[in-house]
Amino acid sequence: MSQGMIPPARSAAPMLAIGGVCGLAWAAGLRGFMAELAGSGSDVGWYGTFAQILLPGVIAGVLLGWAEHIRRIGGRRGWRRLAAAPIVFTVAVFVSPEVFQAVLNGQPLLGGGIGGGAIAVPLFGMAGGYALSGRGPLWARILLGVVALVPIPAWAFASSLFGSAFALTSPRGAWTALFFYSFIATLALACSIPHRPVVPAVPEPHLDPATGSDVHRTLTK
């Protein structure tokens, strides 16, 4: 078998399962980060935690796992659009009853902190994914790479707004910053999957009834 070529996967289930588990772990960790910032004011609810954070994490992970499956079997039309999988976090926030109620009360979207993080985090991840993929114009990858790095100085500046304990000069603040940065980096790595080169698919072996040898391999030697 030629180097860099693998047999076509029989089922997408393994990659979907791996993606779903990784997405759940990432979302659960992000919820832990949010709880760390909120302190005693953190509230875990069925809708806010499970429907708006954990479920989108599973869905995004499954979609990116599907992208990896498609990549391994030679790709298909439009599959690179799966790089937008993290947008499910944005959708989950903006379709919530709280947002609808706030809009009905005259509060604009993104006003009072509504949905800001749900937009920013997925965008940073998608920008980083494109920058890391090595695919596309160099100028675009550099530009999006700069965008993906914005959370580093942004958090360094904003962290102390949550209290002096979160300043980067304190052990807790440094740990929290690394916690946040690692989530952005992991999301960017995952979002790079749909941009990576496809793996050329290898046809299933067709055995010659007379000799028992692989006809395709014999013809391509």
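Above this text you will find the structure in question.
If you're wondering where the values come from, they're calculated on a predicted model, not measured in any experiment. (Residues numbered from 1 in each chain as written. Predicted model: local features only at pLDDT ≥ 70, side-chain atom pairs only at ≥ 80, totals over all residues. Heavy atoms only, no water.)

Trainee: Help me understand the overall build of the protein chain in this model?
Mentor: Secondary structure assignment for the protein chain yields 9 helices and 0 strands. Order of helices (α) and strands (β) in the protein chain, N terminus to C terminus: α-α-α-α-α-α-α-α-α. Counting the 221 residues in the protein chain, one finds 36% classified as buried. Within the protein chain, counting contacts between residues at least 6 apart in sequence, those at least 24 apart form 67% of the total. When the accessible surface of the protein chain is summed, it comes to about 12700 Å², and 70% of that surface belongs to carbon and sulfur atoms. (Helix = DSSP H or I, 4+ residues; strand = E, 2+ residues; numbered from the N terminus. Buried < 20%, exposed > 50% of the residue type's maximum accessible area, 1.4 Å probe, protein only. Contact = heavy atoms within 4.5 Å. Areas by Shrake-Rupley, 256 points an atom, 1.4 Å probe, with all protein chains shown as cover.)

Trainee: It is not clear to me how the packing of aromatic side chains should be interpreted in this structure. Could you clarify?
Mentor: How two aromatic rings sit relative to each other is set out by the distance from centre to centre and by the angle between their planes. Within the structure shown, the criterion is met by 12 aromatic pairs. Considering the side-chain rings of Trp155 and Phe180, the 5.4 Å spacing of their centres and the 40 degrees angle between planes classify their relative orientation as tilted. With Trp155 in helix α7 (residues 151–158) and Phe180 in helix α8 (residues 171–191), the pair connects residues that are 25 residues apart, well separated along the chain. One exposure class covers both Trp155 and Phe180, and it is buried. Counting every residue linked through ring pairs, the aromatic cluster contains Trp26, Phe33, Phe89, Trp155, Phe162, Phe166, Trp175, Phe179, Phe180, Tyr181 and Phe183. (Phe/Tyr/Trp six-rings, centres within 6.5 Å; stacked < 30°, edge-to-face > 60°.)

Trainee: Can you help me understand helix α5 (residues 116–133) in this one?
Mentor: Note: α-helices contain 3.6 residues per turn, so residues at a spacing of three or four share the same orientation. If you check α5, its first and last C-alpha atoms are 26 Å apart, about what 18 residues at 1.5 Å a residue would give, namely 26 Å. Listed in full, the buried residues belonging to α5 are Ala118, Val121, Pro122, Phe124, Gly125, Met126, Ala127, Gly128, Gly129, Tyr130 and Ser133. Summarising the contacts, the buried residues of α5 are in contact with α1 (13–38), α3 (87–94), α6 (138–148), α7 and α8. One or two positions beyond α5, positive phi appears at Gly134, with a value near 75 degrees. (Expected span 1.5 Å × (residues − 1).)

Trainee: So what exactly am I meant to see when it comes to the environment of Gly129 here?
Mentor: Structurally, Gly129 is set in helix α5. Note on Gly129: relative accessible area 0%, which makes it buried. On a C-alpha basis, the gap between Gly129 and Leu189 in space is 5.7 Å, while along the polypeptide they are 60 residues apart. The residues touching Gly129, leaving out its near neighbours within four places in the chain, are Ala188, Cys191, Ser192 and His195.

Trainee: Whenever I open this one, the nonpolar core confuses me. Can you help?
Mentor: Across soluble globular proteins, you tend to see nonpolar side chains buried next to one another. Judged by nonpolar contacts, the single largest core of 22 residues is most densely connected at Trp26, Ala27, Phe33 and Trp155. At the level of secondary structure, the elements contributing two or more residues to this core comprise α1, α2 (46–72), α5 and α8. Residue contributions to this core peak at 6 residues, all from α8. Ignoring any residue separated from it by four or fewer positions in sequence, one finds Trp26 in contact with Phe89, Val121, Phe183, Thr186 and Leu187. If you look at the next biggest cluster of nonpolar residues, it comprises 5 residues, including Ala67, Trp79, Leu82 and Ile193. (Core = buried A, V, L, I, M, F, W, Y, C linked by side-chain atoms within 4.5 Å.)

Trainee: What is the right way to look at the pattern of salt bridges in this model?
Mentor: Where charged atoms from two side chains of opposite charge approach closely, those side chains can pair. Counted by the stated rule, this structure contains 3 salt bridges. In this structure, Arg72 engages Glu68 in a salt bridge whose closest nitrogen and oxygen atoms are separated by 2.7 Å. Highlighted residues: Arg72 and Glu68, both in helix α2, separated by 4 residues, approximately one helical turn. Residues joined in a network through salt bridges with shared partners are Glu68, Arg71 and Arg72. (Salt bridge = Lys/Arg side-chain N within 4 Å of Asp/Glu carboxyl O.)

Trainee: I keep staring at the packing of α3 against α5 and nothing clicks. Help me out?
Mentor: Two numbers describe a pair of packed helices, the interaxial angle and the distance between the axes. Viewed as axis vectors pointing N to C, α3 and α5 meet at an angle of 170 degrees, and their least axial separation amounts to 8 Å. With respect to α5, the element α3 is oriented roughly antiparallel. Packed against α3, whose contacting residues are Ile87, Phe89, Thr90, Val93 and Phe94, the element α5 presents Ala118, Ile119, Pro122 and Met126 at the interface. Classifying every residue of the contact of α3 with α5 gives 8 nonpolar, 1 polar and no charged. (Axes fitted to C-alpha atoms, helices over the stretch in contact; angles between N-to-C directions. Parallel < 35°, antiparallel > 145°, perpendicular 65-115°, else oblique. Nonpolar A, V, L, I, M, F, W, Y, C, P; charged D, E, K, R; others polar.)

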